[in-house]
Amino acid sequence: MPPTDARTEDRGTEGGEPGGQTDAGGGARTGSGDEAGAGEPAVARTGAGGCEDTLDLDLHAPVPLPSVPVPSAAAPAEPPGPGGDDPLDGLAGWGPVATPLGAFHLVPVEVERDLALLTGWMNDPAVAEYWHLAGPPRTTEDHLRAQLDGDGRSVPCLGVLDGTPMSYWEVYRADLDPLARYYPARPHDTGLHVLIGRIADRGRGTGAVLLRAVADHVLDRRPACARVIAEPDLRNTASVAAFLAGGFRFALETDLPDKRAALMIRDRALRDRL
């Protein structure tokens, strides 16, 4: 289970106002985060023994935002039929979703383009508490590549709002993830892990708005999926509150390898009621 905190037994994603992370797993870890913050590590140097020296990371040095191309809103791809080879039905081509905050895109991560930005977010103490990925760039890179080099059941994405990268998401097949051993999974359950990276976007209800929009986007683009799942750390009350405000319901508490989690579910059948 990737993190749902964003990785499977690794770190977490939670989303009160997901700043740290919001859970969703996809071969990553099981954890959750809240609202993530942001310093960017400068370049780590290699010390004796070939190890990167995290003491050289300047967590307050500004890191330029990467230029992230986003899909055109003019011609979004048609939802694929069930039974294809892609576990997440062509997420890269889903296109934008309209939200009260602006146009939002899930853009699959490119390590060379996005690593500096994501390393900075992961080293924010508010994020690191739940994602457990603080450290040199290699720590974040290994986490990303474990998903990118896999079979497509977990896709790490930048959340781009009106053209600006401001959050990190992991969209994964919860029914194919280790998470499925800890709750009554159903075929095509889709999980989310999320963290809000930009400090200016935290504590303003942004997490709840985006959680609702992304969960409904998943349901619209994946006809076979009846539920969107998340498993924030039960201690992360802000994350749990954001999921509730975003149209998820609390289903149960469950003990995962790295945390006691709140299983949050957004049901296709209830999306117009919650």
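Residues numbered from 1 in each chain as written. Predicted model: local features only at pLDDT ≥ 70, side-chain atom pairs only at ≥ 80, totals over all residues. Heavy atoms only, no water.

Novice: Just to check I follow, could you spell out the packing of helix H4 (residues 206–221) against helix H5 (residues 237–245) for this structure?
Specialist: The relative placement of two packed helices comes down to the angle between their axes together with the axis-to-axis distance. Running from N to C, H4 and H5 point in directions that differ by 50°, and their axes come no closer than 8 Å. Between H4 and H5, the interaxial angle falls into the category oblique. H5 is crossed by H4, and the crossing has right-handed handedness. Touching Ala208, Leu211 and Arg212 of H4 are Ala242, Phe243 and Ala245, all from H5. Classifying every residue of the contact of H4 with H5 gives 5 nonpolar, no polar and 1 charged. (Axes fitted to C-alpha atoms, helices over the stretch in contact; angles between N-to-C directions. Helix = DSSP H or I, 4+ residues; strand = E, 2+ residues; numbered from the N terminus. Parallel < 35°, antiparallel > 145°, perpendicular 65-115°, else oblique. Left-handed = near helix turned anticlockwise from the far one by under 90°. Contact = heavy atoms within 4.5 Å. Nonpolar A, V, L, I, M, F, W, Y, C, P; charged D, E, K, R; others polar.)

Novice: Which parts of the structure should I look at to understand the pattern of salt bridges?
Specialist: When the charged atoms of two side chains with opposite charge come close together, those side chains can pair. Evaluation of the coordinates by the stated rule reveals 20 salt bridges. A salt bridge links Arg173 to Asp175, with the nearest nitrogen and oxygen atoms 2.8 Å apart. With a shortest N-O distance of 3.9 Å, Lys259 and Glu231 are connected by a salt bridge. In this pair, Lys259 sits in strand E10 (residues 259–267) while Glu231 sits in the loop between strand E8 (227–230) and H5, placing the two residues 28 residues apart along the sequence. (Salt bridge = Lys/Arg side-chain N within 4 Å of Asp/Glu carboxyl O.)

Novice: How should H5 be read in this particular structure?
Specialist: Given 3.6 residues per turn, any residue in an α-helix points the same way as the ones three and four places further on. Where H5 is concerned, the buried positions are Ser239, Val240, Ala242 and Phe243. Along H5, the residues classed as buried sweep out an arc of 160° about the axis, all on the same side. On its buried side, H5 packs onto H4, E8 and E10. Phi turns positive one or two residues past the end of H5, at Gly247, with a value near 95°. (Buried < 20%, exposed > 50% of the residue type's maximum accessible area, 1.4 Å probe, protein only. Arc of directions from axis to C-beta.)

Novice: Which parts of the structure should I look at to understand the environment of Ala262?
Specialist: Looking at where Ala262 falls in the secondary structure, it is placed in strand E10. Distance from Ala262 to Asp233, taken between C-alpha atoms, is 6.3 Å for residues 29 residues apart in sequence. When near neighbours in sequence (up to four residues on either side) are disregarded, Ala262 contacts Ala230, Glu231, Pro232, Leu234, Val240, Phe250 and Leu252.

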